[in-house]
Amino acid sequence: MNRFPLARDLVLVGGGHTHILLLKKFAMNPVEGVRITLVSPRGSATYSGMIPGYIAGHYDLDAVQINLRALCRYAGADFIESEVEEIDLRTDSVVLAGRPSLRFDALSLDIGSGKRDNLSEGQRGGISIKPINDFISSWPSLLKRISDGKIKELGVVGSGAAGIEVAFALEHRIRCGFPERPFSVNLISSTGKISEKYNFFVRRKLENYLSRKNIKIHNDFKAVGYDGSTLLSSKGLGIHLDEVLWATDSKSHGKSLTTDLETDAQGFIAIRETLQSVSRENIFAVGDCASSINNPYPKSGVYAVRQAPILFHNVRAFLLGKKLKSFRPQKKVLSLLSLGERRAIASKGGFYF
């Protein structure tokens with residue numbers, strides 16, 4: 001006889017990459033007696049990998065968004081459009097804004113990264129690429145200011161993959177969409193070289209391509225604030241810019257959802273190799289909001305996608321009292337860096353093309 005009640009409640013908070021694929025897997029392999037509810041502050045999810053193409057003008061907004069309501073109908077899940085105020089670990093429930101709380105037997109968090117947490121009053125002019133949906137909301141007005149000629153010097157802070165792709169995308173969109181407008185894109189790096197996580201050949205190729213596109217590189221400039229006209233460094237230096245886009249490392253949600261789940265030093269939810277919280281077996285966390293304690297890996301959509309089959313197996317296994325699997329991230333992954341146009345540099349380890 002099954003030792004579990006007939007109905008078990010699985011609550012998914014956030015419509016990130018992993019949860020989207022998880023719902024597709026549940027649609028194809030439903031589990032009798034498991035009720036699924038997805039909670040998200042909006043009815044659509046933006047696919048972050050297509051954002052550079054959206055900025056560059058290759059895709060419209062509909063093309064880069066996934067309809068969460070339709071996906072839930074397909075998977076036989078309930079959808080609730082609401083902000084989550086708290087995860088109440090005393091009652092195993094999700095506290096929602098303006099709605100009754102949701103009790104859960106198992107909970108999974110896929111809420112991405114948090115807002116950049118070092119903003120001061122003088123930094124309000126900058127636009128952060130993450131969270132993605134906040135950027136999507138501000139993009140039309142930014143594009144209008146560019147078309148009106150109000151922005152001539154544009155800065156992108158962050159010289160990792162995200163910053164480089166955004167810089168190329170902006171250059172392509174402005175050059176092709178507003179050829180009569182004088183403009184310059186500036187890429188701001190806090191270190192002495194760009195794209196440090198890539199091999200020498202990729203970096204050299206990127207530097208050559210940035211030069212061909214007249215994108216200015218500012219190395220060793222650790223940006224700490226933007227006052228609406230000047231980007232300031234930690235050394236007190238300044239660069240005049242009409243607008244700044246922040247494409248820096250992911251920030252955690254910290255203690256915004258609960259004070260009881262254990263986190264790493266940066267505030268990301270600490271998880272085991274099974275994707276379970278280190279402090280609660282019935283809570284899972286995936287994507288950018290989580291950090292593996294024993295086997296850390298970069299914040300990247302590649303890993304979020306690969307977590308989906310493990311999360312699917314482990315959530316089912318937990319609810320059915322079976323053995324869980326470990327998520328083993330690849331040490332080397334294929335990376336594609338888009339170059340503004342419909343071109344990209346692909347690399348994996350020491351190889352590139």
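Bear in mind the structure is a predicted one, so any value in this text is a computation, not a measurement. (Residues numbered from 1 in each chain as written. Predicted model: local features only at pLDDT ≥ 70, side-chain atom pairs only at ≥ 80, totals over all residues. Heavy atoms only, no water.)

Caption draft 1: Spotlight on the sheet that holds strand 23 (residues 351–352). Pairing is antiparallel across the open sheet formed by 3 strands, whose spatial order is 21-22-23. The two strands at the open ends of the sheet, each matched to only one other strand, are strand 21 (335–338) and strand 23. Note that strand 22 (residues 344–348) and strand 23 share 2 bridges and pair antiparallel. Across the sheet, Lys-348 pairs through a bridge with Phe-351, a residue of strand 23. (Pairing = 2+ DSSP bridges. Helix = DSSP H or I, 4+ residues; strand = E, 2+ residues; numbered from the N terminus.)

Caption draft 2: Quick look at the pairing of strand 21. With burial as the criterion, only one face of strand 21 is covered, namely that bearing Ser-335 and Leu-337; the residues Leu-336 and Ser-338 on the opposite face remain uncovered. Where strand 21 and strand 22 come together, 4 bridges link them in antiparallel fashion. Opposite Leu-337, over in strand 22, you have Ile-345 as the bridge partner. (Buried < 20%, exposed > 50% of the residue type's maximum accessible area, 1.4 Å probe, protein only.)

Caption draft 3: A look at the environment of Glu-262. Structurally, Glu-262 can be placed in the loop between strand 17 (243–246) and strand 18 (269–271). A relative accessible area of 45% places Glu-262 in the partly exposed class. Along the backbone, Glu-262 and Ser-279 are 17 residues apart, and their C-alpha atoms lie at a distance of 6.0 Å.

Caption draft 4: Local environment of the packing of aromatic side chains. Overall, the coordinates contain 8 aromatic pairs when judged by the stated rule. Between the aromatic rings of Phe-168 and Tyr-209, the centroid separation amounts to 5.4 Å while the plane-to-plane angle is 70 degrees, which identifies the pairing as edge-to-face. Remark: Tyr-209 occurs in helix 6 (residues 200–212) and Phe-168 occurs in helix 5 (residues 161–177); sequence separation between them is 41 residues. Note on Phe-168: relative accessible area 0%, which makes it buried. Ring centres of Phe-200 and Phe-201 lie 5.5 Å apart, and the angle between their planes is 75 degrees; this geometry places the pair in the edge-to-face category. In this structure an aromatic cluster arises from ring pairing among Phe-200, Phe-201 and Tyr-352. Against the face of Phe-268 rests Lys-299, its NZ or CZ located 3.9 Å from the ring centre. (Phe/Tyr/Trp six-rings, centres within 6.5 Å; stacked < 30°, edge-to-face > 60°. Lys NZ or Arg CZ within 6 Å of the ring centre and 35° of its normal.)

Caption draft 5: Examining the pattern of salt bridges more closely. Applying the stated criterion across every chain, the model contains 17 salt bridges. With its nearest N and O atoms 3.8 Å apart, the salt bridge here joins Lys-216 to Glu-153. Here Glu-153 lies in strand 11 (residues 153–157) and Lys-216 lies in strand 13 (residues 216–218), a separation of 63 residues in the sequence. The class for Lys-216 is partly exposed, based on a relative accessible area of 40%. Each of Arg-8, Asp-9, Arg-35, Arg-103 and Asp-105 takes part in one network of salt bridges that share partners. (Salt bridge = Lys/Arg side-chain N within 4 Å of Asp/Glu carboxyl O.)

Caption draft 6: Spatial organisation of the packing of helix 1 (residues 17–28) against helix 3 (residues 68–75). Relative to each other, helix 1 and helix 3 sit at 30 degrees, their axes nearing to 8 Å. Comparing the axis directions of helix 1 and helix 3 gives the class roughly parallel. Two secondary-structure elements touch here, helix 1 through Ile-20, Leu-23, Lys-24, Ala-27 and Met-28 and helix 3 through Leu-68, Leu-71, Cys-72, Tyr-74 and Ala-75. Residues of the contact of helix 1 with helix 3, tallied by class, amount to 9 nonpolar, no polar and 1 charged. (Axes fitted to C-alpha atoms, helices over the stretch in contact; angles between N-to-C directions. Parallel < 35°, antiparallel > 145°, perpendicular 65-115°, else oblique. Contact = heavy atoms within 4.5 Å. Nonpolar A, V, L, I, M, F, W, Y, C, P; charged D, E, K, R; others polar.)

Caption draft 7: Structural context of unusual backbone geometry. Going from Lys-130 to Pro-131, the amide bond is cis rather than trans, its omega being -5 degrees. Along the chain, the position of Pro-131 falls in the loop between strand 10 (127–128) and helix 4 (132–147). A positive phi angle is found at Asp-92, which is not glycine, with a value near 50 degrees. Tracing the chain through its elements places Asp-92 in the loop between strand 6 (84–88) and strand 7 (93–96). Unlike most non-glycine residues, Asn-214 shows phi in positive territory, near 60 degrees. For Asn-214, the position within the fold is in the loop between helix 6 and strand 13.

Caption draft 8: Region of interest: helix 5. For helix 5, built from 17 residues, the straight-helix expectation of 24 Å at 1.5 Å per residue is met to within 8% by its first-to-last C-alpha distance of 24 Å. With 12 of its 17 residues buried, helix 5 lies for the most part within the structure. Within the span of helix 5, buried status applies to Gly-163, Ile-164, Glu-165, Val-166, Ala-167, Phe-168, Ala-169, Leu-170, Glu-171, His-172, Arg-173 and Ile-174. (Expected span 1.5 Å × (residues − 1).)

Caption draft 9: Just the sheet that holds strand 10, in detail. Strand order in the open sheet made by the 5 strands is 10-17-11-12-13, with parallel pairing throughout. The open sheet has two edge strands, strand 10 and strand 13, and neither has a second partner. Pairing analysis gives 2 bridges linking strand 10 to strand 17, with the strands arranged parallel. Bridged to Ser-128 within strand 17 is Trp-246.

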